[in-house]
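# Inside the fold
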Amino acid sequence: MSKNKNNQPIWSTRIRKNSQNLYKKIGGSLSIDKRLFNEDIEASIVHVEMLFKQKIINFKVKNKIVWGLNRIKNEIIKKKFLYDEKYEDIHMNIEKRLFDLVGEEAGYIHTARSRNDQVITDFKIWLKKANKEIIKNLDMTINNILKKANKNVETIMPGFTHLKNAQAVSFAHYLLAYVEMFNRDKKRFNSNFDSLDENPLGVAALTGTSFKIDRFYTTKKLNFKNPTKNSIDTVSDRDFVIDFLYSCSACAIHISRIAEEFIIWNSDAFKLIVLNDKIVTGSSIMPQKKNPDPLEYLRGKTGGIFGNLFSMLTILKGLPLSYFKDLQDDKELVFKSFDQLKNSLIILNDILKNFSSDKKRMLELAESGFLTATDLADYMVRELNYPFRKAYLQTAKIVNFAEKNKKKLSELTIEEIKKIEKNLTTDVMKVFDLKNSINSKSSYGGTSFENIKKMIKSYKKNKKWQKKLFYYFFV
Ligand code: ARG
């Protein structure tokens, strides 16, 4: 609760009894929304400048308040600001200090404004920065994947379905699948700006205000695009929070998938990738162990990020319009997801820089499990003009024969093959070559080396363009 000069809560004339101590302690949000001090002061300064421009407050009052707010900002930055839980949240703490600094005239600051529009204005300004920060980290992630992909265009590995060897792929192709995912994440974070660019300031508690304010002025000064259109919706709306928490969740899914993939590939059973000592931890009892803890951390933390989304969805479900205290929890959920996602991306980037592919082992695994069986079926369709189902059947027979005789397809002799499918000639042997198999997948989006080289180039080109556009719009 904010207190006036006589150290009474602002609403003490009306509410004469103190609330329970426990509620006072847990009902506040100061420890969480402290983080919004910068945005709160920025928005308050623009608000009083607008009030002055509209002749709602005079020059002297405006200057006093702006001076006080700048001073408070300095105190907070220099860690000299005395926070007091008694004053519920960051908005009331700042307002209380403004009273101490400039006296009663501080009270003009809250003309034509409520904490309901104040808090979402601050929050939206903060979220815009948060979105940019995540996009920056995603760019680094994509960059690191591209670097790894560039070194592994011709690294042959088994592509899996059901975690069983399916068809041969380039390791780079696998990695580039994650570039697609993280690019989609970027798009999601970018599209969050649509709603974040609507300025809530000036809708006051829920109805708008009788003062002749200029919402277009504050919109421009605070770098929003438009004022929000309905005052009741504005103070009730937290869709922009759900959007952010969902974007974080989708991104966390991708992080957890690559983490799990790397855990499997690093396992002693697979041994497809090697993790540098920088990104493993030891065991307290088993001296030989090098555990992929950071990867497990990434996978595990995804749960918390989903939890924050579900908490917000549940808070909003069935909540009547307009502002309710329930909404106060939105910030804690967003801050937690943001911090977690940012940390996860930083750690993922570290991992991407500190692992290598075991090319020999990847090839060895790709050579087992009859990976070229589909190539053989395709060959019969093309060369013998068989319907695919017939070719599939004949191939299955050849695979069965090879399996029974403990041979790879490439180790079969043409005589053995001909016993099953008499129309085949020695020409067929080329389909068992893994490199040929990969390079034959030259359909758009396929795994052929040429396709991959082109894709890496185009990702890099897009990156350059995006950088230019980002600079143009945001800087
Ligand atoms: N700390 C509050 C929040 O974050 C500020 C809004 C308070 N408004 C109110 N009517 N109690 O939601």
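Preceding block: the structure.
Here's a quick rundown of the structure. Keep in mind that this is a model prediction, so the values were computed, not measured.

### Some thoughts on the overall build of the protein chain
The helix and strand tally for the protein chain stands at 19 helices and six strands. A compact globule built from 475 residues would reach a C-alpha radius of gyration of about 23 Å, whereas the protein chain, at 31 Å, exceeds it by more than 25%. In terms of principal-axis extent, the alpha carbons of the protein chain reach across some 100 × 55 × 40 Å. Taking all 475 residues of the protein chain together, the buried fraction comes to 49%. Long-range pairs, those at least 24 residues apart, make up 75% of the contacts in the protein chain with a sequence separation of at least 6. Total accessible area computed for the protein chain in this model is approximately 25,100 Å², and 54% of it derives from carbon and sulfur atoms. Within the protein chain, the 55 negative side-chain charges are centred at a point lying 3 Å from the centre of the 83 positive side-chain charges.

### Thoughts on the packing of helix H6 (residues 115-151) against helix H11 (residues 239-266)
The interhelical angle for the contact between H6 and H11, taken along N-to-C directions, is 20°, at an axis separation of 11 Å. Judged on the interaxial angle alone, H11 and H6 are roughly parallel. Taken as a pair, H6 and H11 cross one another with a handedness that is left-handed. Contact with H6, carried on its side by Ile120, Phe123, Lys124, Leu127, Ala130, Asn131 and Leu138, involves Phe240, Val241, Phe244 and Cys251 of H11 and no other residues of that element. Residues that form the contact of H6 with H11 fall into these classes: nine nonpolar, one polar and one charged.

### A few points about the side chain of glutamine 328
Within the secondary structure, glutamine 328 is located in the loop between helix H12 (293-316) and helix H13 (330-353). Not counting the four nearest positions on each side in its chain, glutamine 328 is found in contact with Gly27, Gly28, Ser29, Glu88 and Tyr323.

### Things to note about helix H14 (residues 359-366)
Inspection of H14 places Arg361, Met362, Leu365 and Ala366 among the buried residues, and these make up the whole buried set. Buried residues of H14, seen end-on, are gathered within an arc of 135° and therefore sit on one face of the element.

### Some details on the side chain of arginine 113
Considering the arrangement of structural elements, one finds arginine 113 in the loop between helix H5 (90-102) and H6. Although arginine 113 is buried, it forms no salt bridge, and the closest oppositely charged side chain is glutamate 95 at an N-O distance of 4.7 Å. Here the side chain of arginine 113 touches serine 44 through a polar contact of 2.8 Å, side chain to side chain. Contact partners of arginine 113, with chain neighbours within four places excluded, come to Ser44, His47, Gln118, Leu201 and Ala204.

### What about the site of the ligand?
Every residue lining the ligand is accounted for by Ser29, Asp89, Arg115, Asn116, Val119, Tyr323, Gln328 and Lys331. One nitrogen or oxygen atom from the side chain of aspartate 89 is found 2.8 Å from a nitrogen atom belonging to the ligand. For the ligand, a nitrogen atom lies 2.9 Å from a polar atom in the side chain of asparagine 116. Contact with the protein chains covers 85% of the free accessible surface of the ligand, which is 350 Å².

### Describing the environment of isoleucine 57
In this fold, isoleucine 57 is placed in the loop between helix H3 (37-53) and helix H4 (59-77). The exposure class of isoleucine 57 is buried, given its relative accessible area of 5%. For isoleucine 57, the contacting residues outside a window of four places in its chain are Val48, Leu51, Phe52, Lys62 and Tyr108.

### What to know about the pattern of salt bridges
Going through the model one piece at a time under the given rule, you end up with 29 salt bridges. Where glutamate 88 meets lysine 325, a salt bridge forms, and the shortest distance between an N and an O atom there is 3.2 Å. Residue glutamate 88 is found in the loop between H4 and H5, and its partner lysine 325 is found in the loop between H12 and H13; the two are separated by 237 residues along the sequence. Overall, the relative accessible area of 15% leaves glutamate 88 in the buried class. Residue lysine 325 is classed as partly exposed on the basis of its relative accessible area of 31%. Each member of the salt-bridge network shares a partner with another, and the members are Arg71, Glu75, Lys96, Arg97 and Asp100.

### Things to note about the nonpolar core
Core analysis: the biggest nonpolar cluster contains 106 residues, and Phe262, Trp265 and Leu341 have the highest contact counts within it. In terms of residues, this core owes the most to one element, H11, which gives 15 residues. Ignoring any residue separated from it by four or fewer positions in sequence, one finds tryptophan 265 in contact with Met157, Phe160, Phe171, Tyr174, Phe270, Lys271, Leu272 and Ile273. Ranked by size, the runner-up nonpolar core spans 18 residues in total, among them Ala391, Val399, Ile417 and Val428.

Reading guide: rules and limits
- Residues numbered from 1 in each chain as written.
- Predicted model: local features only at pLDDT ≥ 70, side-chain atom pairs only at ≥ 80, totals over all residues.
- Heavy atoms only, no water.
- Helix = DSSP H or I, 4+ residues; strand = E, 2+ residues; numbered from the N terminus.
- Rg over C-alpha atoms; globule rule 2.2 N^0.38 Å.
- Buried < 20%, exposed > 50% of the residue type's maximum accessible area, 1.4 Å probe, protein only.
- Contact = heavy atoms within 4.5 Å.
- Areas by Shrake-Rupley, 256 points an atom, 1.4 Å probe, with all protein chains shown as cover.
- Lys, Arg positive; Asp, Glu negative; His and termini not counted.
- Charge placed at Lys NZ, Arg CZ, Asp CG, Glu CD.
- Axes fitted to C-alpha atoms, helices over the stretch in contact; angles between N-to-C directions.
- Parallel < 35°, antiparallel > 145°, perpendicular 65-115°, else oblique.
- Left-handed = near helix turned anticlockwise from the far one by under 90°.
- Nonpolar A, V, L, I, M, F, W, Y, C, P; charged D, E, K, R; others polar.
- Arc of directions from axis to C-beta.
- Salt bridge = Lys/Arg side-chain N within 4 Å of Asp/Glu carboxyl O.
- Polar contact = N/O pair within 3.5 Å; in protein donor to acceptor, adjacent residues only side chain to side chain.
- Near = heavy atom within 4 Å.
- Core = buried A, V, L, I, M, F, W, Y, C linked by side-chain atoms within 4.5 Å.

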